[in-house]
Amino acid sequence: MEMSPFLVLLGPPGSGKGTQAIVLSEQLKLPHVNVGEMFREAIRAETPVGVMAKQYLDKGELVPDAVVIRLVGETLAQAGFAKGFVLDGFPRTLLQAEELENLLKSDGRRVEHAVSLKVTEDRVLERLTLRKVCTQCGAVYHEKYSPPKVQNQCDRCPGALSTRGDDNPEVVEKRLRVYEREFRPIIDFYKKKKLLREIDGNQSPEQVTVQILKQVKGG
Ligand code: AMP
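The structure reproduced in this document is the subject of the present report. Predicted model, so just to flag it, every value in this text is computed and none were measured.

## What about the pattern of salt bridges?
Per the stated rule, a full pass over the model turns up 20 salt bridges. A salt bridge links arginine 109 to aspartate 107; the nearest nitrogen and oxygen atoms lie 3.0 Å apart. Judged by its relative accessible area of 9%, arginine 109 is buried. The residue glutamate 182 makes a salt bridge to arginine 181 at a minimum N-O spacing of 2.9 Å. Classification of glutamate 182 by relative accessible area gives buried; the value is 18%. Residue class for arginine 181 comes out exposed when judged on its relative accessible area of 53%. Overlapping salt bridges bring together Arg131, Arg164, Asp166, Asp167 and Arg175 as one network.

Structural data, given as structure tokens:
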């Protein structure tokens, strides 16, 4: 069974991209990139990119394409990403999807599966309301459905958990509208290339992982 390890995860906020990216990267032994987390780290470290990006994250808007494309391009050019990756949070615009293709083409790589996690809006809101995220590794918890073993402590690393500033109702609303505005052309882009794998993201995280692996492994 041939493995096709260049994956992108698509879906609205709260669809489970972050959770699946971590599990898939462990199971497939691939590095994963969480673009939102890269920005949150840059904001915490107060780097120039962080200072610039903060205004967009705070409002739930997308960071300008040029900045994101450069950041992702630099990351994917690193040796560890030569044989595969799980990309979470990119592409989020059609231009990003096109640029990702160009970026990979230059050294003979290409996206092999665009996994779209489809989740109903009420489920998204329910998940984001009590979401907690590890400030070190980005692992995702939910106070009711998947709490950590020790309150506010990550199960996977020594990191502390916190609520994301952009998980408040007004910003969530904005992020969902931004997603609705941008997602259709990206879905069509991958559909035309026969790379789109649509998954019911309303299922449990374990069930979603099984579905994704089935599609990726062609089973
Ligand atoms: P996430 O952690 O994936 O929900 O992303 C958090 C925030 O980071 C988003 O609301 C955007 O402000 C920014 N961001 C993440 N990925 C991208 C991207 N591909 N393009 C533009 N902005 C992004």
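## What to know about the site of the ligand
The environment of the ligand is formed by 16 residues, the closest being Glu61, Gly89, Arg92, Gln96 and Arg164. A distance of 2.9 Å separates a nitrogen atom of the ligand from a polar atom in the side chain of glutamine 96. The separation between an oxygen atom of the ligand and a polar side-chain atom of arginine 164 is 2.9 Å. Relative to its unbound accessible area of 490 Å², the ligand is 96% covered by the protein chains. Among the elements that line the shell around the ligand, the one with the most residues is helix H2 (residues 35–44), at four residues. Among the residues forming the shell around the ligand, the class breakdown is seven nonpolar, three polar and six charged.

## What to know about helix H3 (residues 48–59)
Buried within H3 are the following residues: Gly50, Ala53 and Leu57. Considered in projection along H3, the buried side chains sweep an arc of 75° and stay on one side of the axis. Facing away from the buried side of H3, by more than 90 degrees, are the exposed residues Pro48 and Val51. Just past H3, the residue glycine 60 takes up positive phi, approximately 80°.

## As for helix H7 (residues 169–192)
One full turn of an α-helix is made of 3.6 residues, so residues set three or four places apart face in the same direction. The end-to-end C-alpha distance of H7, which contains 24 residues, comes to 35 Å, matching closely the 34 Å that a straight helix rising 1.5 Å per residue would cover. Every buried residue of H7 is accounted for by Val171, Val172, Arg175, Leu176, Val178, Glu182, Ile186, Ile187, Phe189 and Tyr190. Looking one or two residues beyond H7, the residue adopting positive phi is lysine 194, at roughly 60°.

## Things to note about the nonpolar core
A general tendency of soluble globular proteins is for nonpolar side chains to be buried together. Within the largest apolar cluster, 30 residues are counted, with the highest numbers of intra-cluster contacts made by Phe39, Leu76, Leu100 and Tyr190. In terms of residues, this core owes the most to one element, helix H4 (residues 65–76), which gives six residues. Among residues more than four places away in sequence, those in contact with phenylalanine 39 are Val49, Ala53, Leu57, Val63, Val67, Val68 and Leu71. Listed in part, the 14 residues of the second largest apolar core include Leu24, Val115, Leu213 and Val216.

## Focus on the side chain of histidine 113
Residue position: histidine 113 is located in strand E4 (residues 113–118). One polar contact links histidine 113 to arginine 197, side chain to side chain, over a distance of 2.8 Å.

## Quick look at the packing of aromatic side chains
This model, assessed by the stated rule, comprises three aromatic pairs. Geometrically, the ring pair formed by phenylalanine 6 and phenylalanine 85 is edge-to-face, given 5.1 Å between the ring centres and 80° between the ring planes. With phenylalanine 6 in strand E1 (residues 6–10) and phenylalanine 85 in strand E3 (residues 85–88), this pair connects stretches of sequence that are 79 residues apart. The same class applies to phenylalanine 6 and to phenylalanine 85, which are both buried. Aromatic side chains tyrosine 179 and phenylalanine 183 sit 5.0 Å apart centroid to centroid with 15° between the ring planes, which places their arrangement in the stacked category. Separated by four residues within a single helix, tyrosine 179 and phenylalanine 183 lie in helix H7, roughly one turn from each other. Under the relative-accessibility criterion, phenylalanine 183 is labelled partly exposed at 23%. Sitting above the plane of the phenylalanine 189 ring, lysine 193 keeps its charged end 4.9 Å from the centroid.

What counts and how
- Residues numbered from 1 in each chain as written.
- Predicted model: local features only at pLDDT ≥ 70, side-chain atom pairs only at ≥ 80, totals over all residues.
- Heavy atoms only, no water.
- Salt bridge = Lys/Arg side-chain N within 4 Å of Asp/Glu carboxyl O.
- Buried < 20%, exposed > 50% of the residue type's maximum accessible area, 1.4 Å probe, protein only.
- Near = heavy atom within 4 Å.
- Polar contact = N/O pair within 3.5 Å; in protein donor to acceptor, adjacent residues only side chain to side chain.
- Areas by Shrake-Rupley, 256 points an atom, 1.4 Å probe, with all protein chains shown as cover.
- Helix = DSSP H or I, 4+ residues; strand = E, 2+ residues; numbered from the N terminus.
- Nonpolar A, V, L, I, M, F, W, Y, C, P; charged D, E, K, R; others polar.
- Arc of directions from axis to C-beta.
- Expected span 1.5 Å × (residues − 1).
- Core = buried A, V, L, I, M, F, W, Y, C linked by side-chain atoms within 4.5 Å.
- Contact = heavy atoms within 4.5 Å.
- Phe/Tyr/Trp six-rings, centres within 6.5 Å; stacked < 30°, edge-to-face > 60°.
- Lys NZ or Arg CZ within 6 Å of the ring centre and 35° of its normal.

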